[in-house]
Amino acid sequence: QGRGIQVSAQVLDALARTLMLDPTERAHLFQLAGAVDPAPALTCPRVTPALRAMLEQLEPYPASIQNSRYDILAHNRTLGLLLCDLETVPPEDRNCVLLSYTNAEWRDAIVHLEDTRRLMAARLRAAMAGHLGEPAWKVLLKRLREYPAFCEAWERHEVVVAHSKRKEFLNRLVGRVVVDQSELWLGPEVGSRMVTYVPADEESRVRLEKLHRMALEREATR
């Protein structure tokens, strides 16, 4: 009724569950309330126990499962410490594009930050062509538009498709790591994918192994 009320994500989540809304109805509810739905980053029908086992078997190499919006749907322990302590990031904020603007630790870990931001914006624009009008995409774009640097990259109207690439990260725990990124698509459509980072040199391999040991030690002390 045009009233300026604020509703928390927890209340909206409870309402959606009570009304047994399907994913589309749920996304529309959160869009109407101007709130971010934490659920999409928590669950995904493609992240099966078998895929989670594959992520673990790839260790010490970092790996994650992402959708075309760059939401991190699942990750292994090495990836969890590669750019930041991902376990400290709320599930609804685990989006690679968003983190490159909102998380100082994640941002500082990317050696070629501006090039990376520009590429992600171009890939996001290409992927969004197949999701026009979907509430979850609109919410993400609304959040990203709060950052002038993203707006500048977005307004270039560049479009690129996925391709393997070499990346450099400056990890706060083990130092510089150079990796070759590969993307393994989980279905016939360009959507969810497994993203893997294989060390490009011996020094990076040793440092990733060290990072993995740190991740195991952290898990053991929980």
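Because the structure is a prediction, the values reported are computed rather than measured.

A. Molecular detail of the overall build of the chain. Helices and strands together make up the secondary structure of the chain, namely 11 helices and five strands. The globule rule puts the C-alpha radius of gyration for 222 residues at 17 Å, and the 18 Å found for the chain is close to it. Relative to its 222 residues, the chain shows a buried fraction of 42%. In the chain, the share of contacts with a sequence separation of at least 24, taken over all contacts with a separation of at least 6, comes to 54%. A total of about 12,100 Å² of accessible surface is found on the chain, and carbon and sulfur atoms cover 55% of it. Of the charged side chains in the chain, 30 are positive and 30 negative, and the gap between their average positions amounts to 2 Å.

B. Region of the structure containing the pairing of strand S1 (residues 63-66). Both faces of S1 are covered, namely the face carrying Ala63 and Ile65 and the face carrying Ser64 and Gln66. Where S1 meets strand S5 (residues 193-199), four bridges bridge the pair, whose relative direction is antiparallel. Pairing of Ile65 across the sheet is with Met194, part of S5. Here three bridges tie S1 to strand S2 (residues 72-75), and the two strands are oriented antiparallel to one another. What sits directly across from Gln66, in S2, is Ile72.

C. Representation of the nonpolar core. Within the largest apolar cluster, 38 residues are counted, with the highest numbers of intra-cluster contacts made by Leu82, Leu86, Trp106, Leu124, Leu144 and Phe150. Leave out the neighbours within four places in its chain, and Leu86 touches Ile72, His75, Leu79, Gly80, Arg94, Leu99 and Trp106.

D. Summary view of the sheet that holds S2. With antiparallel pairing, five strands are arranged side by side in an open sheet as S2-S1-S5-S4-S3. For this open sheet the edge positions go to S2 and strand S3 (165-171), each flanked by a neighbour on one side alone. Taking each pair of neighbouring strands and ignoring which way they run, the sheet shows an average axis angle of 30°. Here seven bridges tie strand S4 (residues 175-185) to S5, and the two strands are oriented antiparallel to one another. Paired with Glu183 across the bridge in S5 is Val195.

E. Spotlight on the packing of aromatic side chains. Applying the stated criterion to the full structure yields four aromatic pairs. The interplanar angle of 25° and the centroid separation of 5.8 Å between the aromatic rings of Tyr101 and Tyr147 together place this pair among those described as stacked. Remark: Tyr147 occurs in the loop between helix H9 (135-144) and helix H10 (148-154) and Tyr101 occurs in helix H6 (residues 96-102); sequence separation between them is 46 residues. For Tyr101, a relative accessible area of 8% translates into the label buried. Judged by relative accessible area, Tyr147 falls into the partly exposed class, the value being 25%.

F. Spatial organisation of the pairing of S3. Side-chain alternation along S3 places Lys165, Lys167, Phe169 and Asn171 on a buried face and Arg166, Glu168 and Leu170 on a face that remains uncovered. Two strands pair when backbone bridges link them, and S3 and S4 are joined in this way by seven bridges, in the antiparallel orientation. Residue pairing in the sheet places Glu168 in a bridge with Val178 of S4. Connecting S3 to the antiparallel partner S4 that follows it, the hairpin turn spans three residues.

G. Quick peek at unusual backbone geometry. Residues Glu59 and Pro60 are joined by a peptide bond in cis, for which omega reads 15°. The residue Pro60 is located in the loop between helix H4 (49-57) and S1 in this model. Its identity is not glycine, yet Tyr70 carries a phi of approximately 75°, on the positive side. Within the element layout of this structure, Tyr70 appears in the loop between S1 and S2. Since its relative accessible area comes to 7%, Tyr70 is described here as buried.

H. Seen up close, the side chain of Asn103. Its location among the elements puts Asn103 in the loop between H6 and helix H7 (104-109). What makes Asn103 buried here is its relative accessible area of 18%. Of note is the side chain of Asn103, whose polar atom sits 2.8 Å from the backbone nitrogen of Trp106. For Asn103, the residues in contact, after removing those within four places along its chain, are Cys84 and Val89.

Cut-offs used in this document
- Residues numbered from 1 in each chain as written.
- Predicted model: local features only at pLDDT ≥ 70, side-chain atom pairs only at ≥ 80, totals over all residues.
- Heavy atoms only, no water.
- Helix = DSSP H or I, 4+ residues; strand = E, 2+ residues; numbered from the N terminus.
- Rg over C-alpha atoms; globule rule 2.2 N^0.38 Å.
- Buried < 20%, exposed > 50% of the residue type's maximum accessible area, 1.4 Å probe, protein only.
- Contact = heavy atoms within 4.5 Å.
- Areas by Shrake-Rupley, 256 points an atom, 1.4 Å probe, with all protein chains shown as cover.
- Lys, Arg positive; Asp, Glu negative; His and termini not counted.
- Charge placed at Lys NZ, Arg CZ, Asp CG, Glu CD.
- Pairing = 2+ DSSP bridges.
- Core = buried A, V, L, I, M, F, W, Y, C linked by side-chain atoms within 4.5 Å.
- Axes fitted to C-alpha atoms, helices over the stretch in contact; angles between N-to-C directions.
- Phe/Tyr/Trp six-rings, centres within 6.5 Å; stacked < 30°, edge-to-face > 60°.
- Polar contact = N/O pair within 3.5 Å; in protein donor to acceptor, adjacent residues only side chain to side chain.

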